[in-house]
Every structure is written in structure tokens, then in C-alpha cells.
Amino acid sequence: MIVAFYESINDNDPSDTTASAEGGTKLKDDKSVFTIADGTVQHLLTEHLFKQTNFHGIVGEEDCQVNIQTKPYTVEDDLLI
């Protein structure tokens with residue numbers, strides 16, 4: 001999965017401000033870069049690693065829809081893993 005993240009990110013044109021089915025990054029409204037790794041790591045932490053504990057959340061800004069259950073795997077519905 002990690003290799004797929006980096007391959008997807010490296011295929012993306014950083015000057016493209018829109019989401020790309022081919023790439024793994026996009027610019028957020030504040031012009032910072034959002035990657036499939038950002039969204040997926042936060043999702044894995046909150047949904048899997050801490051799910052068994054009395055855990056209320058983490059300080060993070062990548063709250064987004066993540067689908068790693070069925071193909072096509074996506075982050076934010078428009079970034080393909």
C-alpha cells in the first residue's frame with residue numbers, strides 16, 4: 001500500500017490545482033497540498049489503531065472519506081490509490 005501511495009503521488013503534476021484520477025495529490029483551499037497518504041494515515045489511525053480504546057480523536061485536518069475496502073480504492077472520492 002505504501003508503494004502505491006508514493007507511485008501515485010509521484011505521477012501527479014504539482015501545478016495542477018484539481019484532483020486527478022492519475023495522481024495522489026491536490027491543493028486544498030488554503031493552497032497546502034493534500035495527499036492520499038495524508039487522508040489514509042489519519043483514517044487508519046482513527047478507524048483501526050485507536051478504535052478499541054476510549055479514543056475521541058486526533059488533532060488533524062485531513063478528515064475525509066476514505067475507501068480502502070473495495071476497488072477502486074479512493075480518498076476524497078476523487079483521488080485513486
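Up top you'll find the structure we're talking about.
Structural notes, computed from the coordinates. Each chain has its residues counted from 1, following the order in which its sequence is written. Given that this is a predicted model, residues contribute local features only at a pLDDT of at least 70 and side-chain atom pairs are listed and counted only at 80 or more, while totals for whole chains, interfaces and linings are drawn from all residues. Where side-chain values are given, they derive from all heavy atoms of the structure, hydrogens and water being excluded.

A look at unusual backbone geometry
Thought 1: Here the residue pair Lys71 and Pro72 is connected by a cis peptide bond, since its omega of -5° sits within 30 degrees of zero.
Thought 2: Relative to the assigned elements, Pro72 resides in the loop between strand E3 (66–67) and strand E4 (74–75).
Thought 3: You will see that Lys31, though not glycine, has its phi angle at about 70°, which is positive.
Thought 4: As for its position among the elements, Lys31 is in the loop between strand E1 (25–27) and strand E2 (33–35). Counting from the N terminus, the helices are the DSSP runs of H or I reaching at least four residues and the strands are the DSSP runs of E reaching at least two.

Concerning the pattern of salt bridges
Thought 1: Salt bridge, as used here, is a side-chain nitrogen of Lys or Arg placed within 4 Å of a carboxyl oxygen of Asp or Glu. One pass over the structure, following the stated rule, counts 2 salt bridges.
Thought 2: The salt bridge partner of Glu76 is Lys26, with a shortest N-O separation of 3.4 Å. Within this pair, whereas Glu76 is found in the loop between E4 and strand E5 (79–80), its partner Lys26 is found in strand E1, the two being separated by 50 residues in sequence.
Thought 3: Notably, a salt bridge pairs Asp78 with Lys26, separated by 3.3 Å at the nearest N-O pair. You can see Asp78 sitting in the loop between E4 and E5 and its partner Lys26 sitting in strand E1, a full 52 residues away along the chain.
Thought 4: For Asp78, a relative accessible area of 30% puts it in the partly exposed group.
Thought 5: Taking the relative accessible area as the measure of exposure, Lys26 reaches 16% and is therefore buried.
Thought 6: Taken together, the salt bridges that share partners define one network made up of Lys26, Glu76 and Asp78. Think of it in three bands: with a 1.4 Å probe and only protein chains considered, a residue is buried below 20% of the maximum accessible area for its type, exposed above 50%, and partly exposed in between.

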